[in-house]
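Summary of structural features
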Amino acid sequence: MKKIKKQSIPGLLGKWQQEFTVFVPSKASGVSQMTVWDGKDTAFLDRNRNTAIPPKANFLPAMEKLFGFRKEAGSYKLEPADGEPPRQLLFGIHPCDARAIAIIDMVFKDAYEDRYYLSRRQNTVLVGMTCTSAYDSCFCTSLGFGPADPVDVDIMLTDIGDTFLIEEVTEKGKELLADAKGVVEATRDDEKKAAAARESASARVSRKIDTGEISKRLPLVFDDQEFWEKISAKCVSCGICTFLCPTCYCFDINDEMLRSDSGERYRNWDCCSFAVYTKMPVENPREEKWRRVRQKVYHKYLFYPELFDIIACTGCGRCIRQCPVNWDITQTLSNLPAGTPVKK
Amino acid sequence: MTKEIEQKLRDEIRDLLETGKVDHIIGYEAGSLKFSTTPLITGDKADVDRLVINPFIYNNLSVFLRDMCGKVGIVAKKCDARSIVSLIQSQQIARENVFIIGVPCGGIIDLAKVEKLTGLDRDEIDDIVWQKEKAVVTFGGNTREFPAKEVLADACLGCAPSDFPEYDIFIGESESLVAGKDLGRNKIKELEEMAPAQRWEFWKNEFSRCIRCYACRQICPACFCNRCFVEETEPLYISPVPKWQDNLFFQAIRMLHVAGRCTNCGECERACPVNIPLGALSKKMEEIVEELFEYRAGMDKDAPPLMTAYQLEECEDLIR
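Residues numbered from 1 in each chain as written. Chains lettered and ligands numbered in written order. Predicted model: local features only at pLDDT ≥ 70, side-chain atom pairs only at ≥ 80, totals over all residues. Heavy atoms only, no water.

Within chain B, the secondary structure is distributed over 10 helices and eight strands. Its C-alpha radius of gyration of 20 Å places chain B within 12% of the 20 Å reference for a compact globule of 320 residues. Overall size of chain B, expressed as C-alpha extent along the three principal axes, is 55 × 50 × 40 Å. Of all intrachain contacts in chain B linking residues separated by at least 6 positions in sequence, the fraction that spans at least 24 positions is 64%. Within the structure as shown, chain B displays about 14900 Å² of accessible surface, and the carbon and sulfur contribution to it stands at 49%. Each charge class in chain B can be summarised by its mean position, and for the 40 positive and 53 negative side chains these summaries are 2 Å apart. (Helix = DSSP H or I, 4+ residues; strand = E, 2+ residues; numbered from the N terminus. Rg over C-alpha atoms; globule rule 2.2 N^0.38 Å. Contact = heavy atoms within 4.5 Å. Areas by Shrake-Rupley, 256 points an atom, 1.4 Å probe, with all protein chains shown as cover. Lys, Arg positive; Asp, Glu negative; His and termini not counted. Charge placed at Lys NZ, Arg CZ, Asp CG, Glu CD.)

Set out below in C-alpha cells:
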C-alpha cells in the first residue's frame, strides 16, 4: 500500500488536470455536487459527505443533447452532438455512488448499448474515498458492501489524519499514480490506522434493512393495496427521490425546435413518481399514487434483481434525507406484511 | 411546546375519530431522522398516540386535503390554516368537510439556518432545545445559543399568531413570536439593492441548478391545478428540458399563478433540493399583492379569491 499527505493532493490533482477534467465534491454552485476543481479548493479533503446531487449526473446528466436536426430536401439531416465527451476524473467518490454507477452500467450496456452513457463512462476514472461520515439516513452496510469498499473504483483513499492511505485497485489506477509526487510506501502503522478508520466508518452506519426478508416478502405483497395506500399517503409525487437517486436512470426525450425546420433532441431525467410519466407515448399505467410508490420499491428491490441479480439501491440515503415529507424507504421495507398475497 | 398540549391534542383527536366527527386525521408524528417530523395521515385511532407537536412540525399539511375523502381533521399552525382557508375560498375543499385543529405555534426552527450557523449537517447536531426566544444548540461538546430571529423559519418572523383565521378547536394558547415587519426580508433586501442586470444574473445562476423535480409545486397547497401548464404539450409552453431559461420561466409563472392564494408558508423553498431561495419570490409577491390590493391570502373564507374578483375602484395602472 501507498500513502500521500493531504497537502500533496492539490499537486496531484493539478497533474491529473493535464489529462482529465477533474471533479471534486463541492458546494460552490449552491448545492453539493461533483464540480470541476478550481485548482484551489481543498475543503473536501477534510470533510467529504455525500453530495446532494449524485455523481450519476457525470454520466447521465440532468439534460443532454443527443443530436441536432434540420429539414433538408424533404428529409431530415442529423448533426451529431459535440464530439467525444472529455476524459473526466471523479475525486472523492464514495463507495455507494461508485457501486451505483456499476449498477446502472448494467442497463446501459444491456441489449441496447447506450453510446452517450458508455462513452462518458469509458472516459472516466474514479478516485474513491472511504466514507467516514455517513449520514443518519445511510444504510449501505445492508446492501452487501460498506463505506470502505474499494471494488468499484480505480483508486481508493482512506483518511488517516493528515494523510490518505492509497489502494491501487485497477491497472488504470496504478497508471494514475505512476511518477506522482508525494506518493510513498505506507508503513504497517499507516495500514493499521486505515483498518481502524474503515472499521469505524462501517460502525457509523446505523440504519439497517434485511434484504433476505425483503426479497421473500415482496413477491407476496404486490396486491396488498391497503398497505401500499397507507405507506404512500404522505408522498407528494415530486421527483426528489428519483432525481437524487444514484441508481434511477429513467429519462425522457424531447425535441427543442429552434426554428420551424430545425431543432435539437435532448434527453432529460424522468421520474416514475410523476403522474404524467409515460403519458406522452401512451398512458401512465400507474395513475394512482400508491401504484407509483409501489413501483419505486419493486423496481429497486425486486425487478432489478430479477434482471441483473443486484438490488438497485446502495443505501446512500438521499431519498430519505432529501424527502420533503420524510418518506423513508427503509421503514416501508421493514414493515412489509409477511402474509399471503391479498387478492383484490 | 409542552407535553400537556401534545396530550390534549391526542385526546381531542381520539375523541373526533371515536365520535365519528371526522373520518381521517392529518397530523405530525416523529420522523425517521434527527429533528424531523413527518405527516401522519390515518383513520385509525390506534395511531393517535404517535401525534406530536414540537418546533419541527414544518410541513404544511393542507397540501393533502384535496386528495382525501370524507371529513378530515387537520392539525394546523396559523400559516397552514391560512392555506386551508385559501383552499376553501378557491372551492377546492368544502368548509364542512374539514375540521381544523389549531395548534399554538411558537415558531418553527429552520434546520437549514441551524446548519449554516453551526457549519454542520442536522444529523451531526446533538440537540436543539427551543426556549421561546432562543434555541440552545448542542454539538460536539459545545453549547451555543441563537436568538429566535436567527433560527426561526422566515415565514415565522413577523408572524402574528393571534389572527388565526379559522379553526374548529384550538389546543392551548396562542403565543407571540418575534415581531418586526422587516424580519424575514433579508434576501429581498439584498435583491432589491441589486441593479436589474445583476439581479437577472443572480436568478439565472440560481435557476441553472434547478433539476425540475417539481417538489416546489407538489408540496405547495396553492398549486392545485389538475393539469399544470408546464405539462401541456399542445401547445408546449415550457420545455421539460431543464435549461435555466425554462426553469426560470416555469417558476415565474408558477409564482404569478398562485398570487393571491400563496400564503408564503415557505414550503417551496424548504423542499427545494438545490437550495433555490424561492421564499424570496413568494414573500415579495405577497408584499406586492398586499400593496396593490390590500389583500392577504387565506384570511377570510368568505372573501372571493383575489384574482376572480374585480372592484371598480381598482385603477388601471395595475396593468403596466
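Hydrogen bonds along the backbone pair up the strands of a sheet, which may run parallel or antiparallel. All names here are of chain B. With mixed pairing, five strands are arranged side by side in an open sheet as β2-β1-β3-β4-β8. Edge strands, defined here as strands with exactly one partner in the open sheet, are β2 (37-42) and β8 (169-170). As paired elements, strand β4 (residues 98-102) and β8 share two bridges and run parallel to each other. Of the residues in β8, the one forming a bridge with I101 is I169. Sheet strands touched by helix α1 (residues 3-18): β1 (24-30), β3 (72-76), β4 and β8. Its angle to β4, the strand with the most contacts, is close to 165°. The strands touched by helix α2 (residues 78-89) are β1, β3 and β4; relative to β3, the strand with the most contacts, the crossing angle is about 140°. (Pairing = 2+ DSSP bridges. Axes fitted to C-alpha atoms, helices over the stretch in contact; angles between N-to-C directions.)

This part covers the state of the cysteines. Two cysteines, two sulfur atoms, one covalent bond between them: this is a disulfide. Taken as a whole, this structure holds zero disulfides over all chains when the rule is applied. Looking at C96 of chain A, it has no disulfide partner, and the nearest cysteine sulfur is the one in C316 of chain A, 5.5 Å off. Between C262 of chain B, a cysteine without a disulfide, and C220 of chain B, which holds the nearest cysteine sulfur, the sulfur-to-sulfur distance is 6.4 Å. A relative accessible area of 13% means that C262 of chain B is categorised as buried. (Disulfide = S-S within 2.5 Å. Buried < 20%, exposed > 50% of the residue type's maximum accessible area, 1.4 Å probe, protein only.)

Let us now look at the domain arrangement of chain A. All names here are of chain A. Per the domain assignment, the segments making up chain A are domain 1 (2-66 + 76-203) and domain 2 (214-334). Placing a centre on the C-alpha atoms of domain 1 and another on those of domain 2 gives a separation of 26 Å. Tallying the contact residues gives 35 residues for domain 1 and 33 residues for domain 2. Both faces combined, the contact of domain 1 with domain 2 buries some 3000 Å², and carbon together with sulfur accounts for 65% of it. On the domain 1 side of the interface with domain 2, the three residues burying the most area are K56, I103 and F139, jointly 20% of the side's total. Counting across the interface, domain 1 meets domain 2 through four salt bridges. Among the salt bridges present, the one from R267 reaches E64, with a minimum N-O distance of 3.1 Å. Taken together, domain 1 and domain 2 are joined by 19 residue pairs in polar contact (both at pLDDT 80 or more). (Domains from an automatic or database assignment. Buried area = accessible area lost by both parts, 1.4 Å probe. Salt bridge = Lys/Arg side-chain N within 4 Å of Asp/Glu carboxyl O. Polar contact = N/O pair within 3.5 Å; in protein donor to acceptor, adjacent residues only side chain to side chain.)

All names here are of chain B. With an omega dihedral of 0°, the bond running from E234 to P235 counts as a cis peptide bond. With respect to the helices and strands, the residue P235 is situated in the loop between α7 (215-218) and α8 (244-257). Phi at R212 takes a positive value of approximately 60°, unusual for a residue other than glycine. Locating R212 in the fold gives a position in the loop between α6 (196-208) and α7. Unlike most non-glycine residues, N264 shows phi in positive territory, near 60°. Tracing the sequence through the fold places N264 in the loop between α8 and α9 (267-271). Judged by relative accessible area, N264 falls into the buried class, the value being 10%.

Once that is clear, we can look at the domain arrangement of chain B. All names here are of chain B. Domain annotation of chain B identifies domain 1 (2-108 + 152-315) and domain 2 (110-151). Between domain 1 and domain 2, the C-alpha centre-to-centre distance is 24 Å. Across the domain 1/domain 2 interface, buried area totals approximately 1100 Å², and carbon plus sulfur atoms make up 63% of it. If you sort the residues of domain 1 by the area they bury against domain 2, K34, F35 and L152 come out on top, with a joint share of 50%. Where domain 1 meets domain 2, there are one salt bridge. A salt bridge links K113 to D154; the nearest nitrogen and oxygen atoms lie 2.7 Å apart. For the pair domain 1 and domain 2, the number of links is six residue pairs in polar contact (both at pLDDT 80 or more). By residue class, the composition of the side of domain 1 that touches domain 2 is 10 nonpolar, two polar and three charged. (Nonpolar A, V, L, I, M, F, W, Y, C, P; charged D, E, K, R; others polar.)

Another aspect to go through is the interface of chain B and chain A. Listed per partner, the contact involves 39 residues of chain B and 41 residues of chain A. Contact between chain B and chain A buries roughly 3100 Å² in total, counting both sides, with carbon and sulfur atoms accounting for 56%. Taken as a group, S32, L33 and I211 of chain B account for 17% of the area that chain B buries against chain A, more than any other trio of residues on that side. Summed over the shared surface of chain B and chain A, the number is seven salt bridges. For D121 of chain B, the salt bridge is made with R47 of chain A, and the minimal N-O distance between the two is 3.1 Å. For the interface between chain B and chain A, the tally reads 24 residue pairs in polar contact (both at pLDDT 80 or more). Listing elements by their share of the side of chain B that touches chain A, those giving two or more residues are β2, α7 and α9 of chain B. Here the side of chain B that touches chain A gets five residues from one element, more than from any other, and that element is β2 of chain B. A per-class count over the side of chain B that touches chain A returns 17 nonpolar, 11 polar and 11 charged.

The geometry of an aromatic ring pair is captured by two quantities: the separation of the ring centres and the angle between the planes. Applying the stated criterion to the full structure yields 23 aromatic pairs over all chains. Judged by centre distance (5.1 Å) and plane angle (85°), the rings of F164 of chain B and F170 of chain B are edge-to-face. Lying across the ring of F59 of chain A, R121 of chain A places its NZ or CZ 5.7 Å from the centre. Positioned over the ring face of Y214 of chain B is R217 of chain B, at 4.4 Å from the centre of the ring. (Phe/Tyr/Trp six-rings, centres within 6.5 Å; stacked < 30°, edge-to-face > 60°. Lys NZ or Arg CZ within 6 Å of the ring centre and 35° of its normal.)

Residues and elements named next belong to chain B. Here D154 shows up in the loop between α4 (148-151) and β8. Spatially, the C-alpha atom of D154 lies 9.5 Å from that of I109, the residues being 45 residues apart in sequence. With residues near it in sequence (within four places) discarded, D154 still touches K113 and G184. Separated by 2.7 Å, the side chains of D154 and K113 make a polar contact.

What follows is about the layout of surface pockets. The calculated volume of the second largest pocket comes to roughly 1600 Å³. Residue lining of the second largest pocket: 47 residues in total, with C235, S237, K289 and R292 of chain A together with D67 of chain B positioned closest to the centre. Secondary structure elements with two or more residues in the lining of the second largest pocket: α8 (225-232) and α10 (289-308) of chain A together with β2, α7 and α8 of chain B. With five residues, the single largest contributor to the lining of the second largest pocket is α8 of chain A. Class assignment of the residues belonging to the lining of the second largest pocket gives a composition of 21 nonpolar, 11 polar and 15 charged. (1 Å grid on protein atoms, 1.4 Å probe; cavity = no way out; pocket = protein on both sides within 12 Å on 5 of 7 lines; lining within 4 Å. Points joined across faces, edges and corners; volume = space filled by probe spheres on them.)

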